[in-house]
Amino acid sequence: MSESIWIHYARPRPHWYRLDAAEKSALDVRWAEVEAASVAAGGERVGRYHIRGQHDFQTVDIWRFASPEAAFDHWARLTAAGYNELFAFSNNVGLPLPEAS
């Protein structure tokens, strides 16, 4: 089992702003449950960062997972919870480079 990172860039889609506060809160709770399940399965959120400058996205989340499959499982559960319908995104999965000898 190899360690991997998941880099997730995102920005709200226009229809996110049409939701009222209660709808946004309910979705935030659903997505927090997905994150809690990923943490319980061994995932670790490294951090969420605001992106500045010339970029297509607003935030970047970085996670560590035991494998690319675990990262994919996290993403699959987020999409099942409707996340991808409300946020434009780009995902990358990275594996560690071998240490130079």
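Please refer to the structure higher up on the page.
Just so you know, these numbers come straight off a predicted model, no measurement behind them.

1. As for the sheet that holds strand β2 (residues 44-50)
Sheet strands line up and pair through hydrogen bonds in the backbone, either parallel or antiparallel.
So, step 1. With respect to topology, four strands assemble into an open sheet ordered β2-β3-β1-β4, the strand pairing being antiparallel. Here the strands that pair on one side only, and so sit at the sheet edges, are β2 and β4 (87-94). Neighbour-to-neighbour, the strand axes of the sheet open up by a mean angle of 15°, direction not taken into account.
So, step 2. Relative to strand β3 (residues 59-65), strand β1 (residues 4-12) runs antiparallel, the two being bridged by seven bridges. Directly across from H8, in β3, lies its bridge partner D61.
So, step 3. Running over the sheet, helix α1 (residues 21-40) touches β2, β3 and β4 and is turned about 30° from β3.
So, step 4. Relative to β1, helix α2 (residues 68-80) is tilted by about 25°, and along the sheet it contacts β1, β3 and β4.

2. Concerning the layout of surface pockets
So, step 1. Quantified by volume, the largest pocket comes out at close to 300 Å³.
So, step 2. Lining the largest pocket are 19 residues, with W31, R48, D61, Y83 and F87 sitting closest to its centre.
So, step 3. Its residues placed into classes, the lining of the largest pocket shows 10 nonpolar, four polar and five charged.

3. Some details on the nonpolar core
So, step 1. W6, W16, W31, L78, Y83, L86 and F87 are the most contacted members of the largest nonpolar core, which totals 15 residues.
So, step 2. Taken together, the elements giving at least two residues each to this core come down to β1, α1, β3, α2 and α3 (83-86).
So, step 3. Setting aside anything within four residues of it in sequence, one finds W31 in contact with W16, L78, A81, G82, Y83, L86 and F87.

4. Quick look at the side chain of S4
So, step 1. Of note, S4 is situated in strand β1.
So, step 2. Here S4 falls in the buried class, since its relative accessible area comes to 1%.
So, step 3. At a separation of 3.2 Å, a polar atom in the side chain of S4 contacts the main-chain carbonyl oxygen of S67.
So, step 4. The contact partners of S4, leaving out residues within four places of it in the chain, are W63, R64, F65, A66, S67, P68, V93, G94 and L95.

5. Thoughts on the pattern of salt bridges
So, step 1. What the rule picks out here adds up to six salt bridges.
So, step 2. With its nearest N and O atoms 3.4 Å apart, the salt bridge here joins R64 to E3. Remark: E3 occurs in the segment before β1 and R64 occurs in strand β3; sequence separation between them is 61 residues.
So, step 3. Owing to a relative accessible area of 33%, R64 belongs among the partly exposed residues under this scheme.
So, step 4. A relative accessible area of 44% places E3 in the partly exposed class.

Cut-off values and rules
Residues numbered from 1 in each chain as written. Predicted model: local features only at pLDDT ≥ 70, side-chain atom pairs only at ≥ 80, totals over all residues. Heavy atoms only, no water. Pairing = 2+ DSSP bridges. Helix = DSSP H or I, 4+ residues; strand = E, 2+ residues; numbered from the N terminus. Axes fitted to C-alpha atoms, helices over the stretch in contact; angles between N-to-C directions. Contact = heavy atoms within 4.5 Å. 1 Å grid on protein atoms, 1.4 Å probe; cavity = no way out; pocket = protein on both sides within 12 Å on 5 of 7 lines; lining within 4 Å. Points joined across faces, edges and corners; volume = space filled by probe spheres on them. Nonpolar A, V, L, I, M, F, W, Y, C, P; charged D, E, K, R; others polar. Core = buried A, V, L, I, M, F, W, Y, C linked by side-chain atoms within 4.5 Å. Buried < 20%, exposed > 50% of the residue type's maximum accessible area, 1.4 Å probe, protein only. Polar contact = N/O pair within 3.5 Å; in protein donor to acceptor, adjacent residues only side chain to side chain. Salt bridge = Lys/Arg side-chain N within 4 Å of Asp/Glu carboxyl O.

Everything listed here is a matter of geometry and, on its own, says nothing about what the molecule does.
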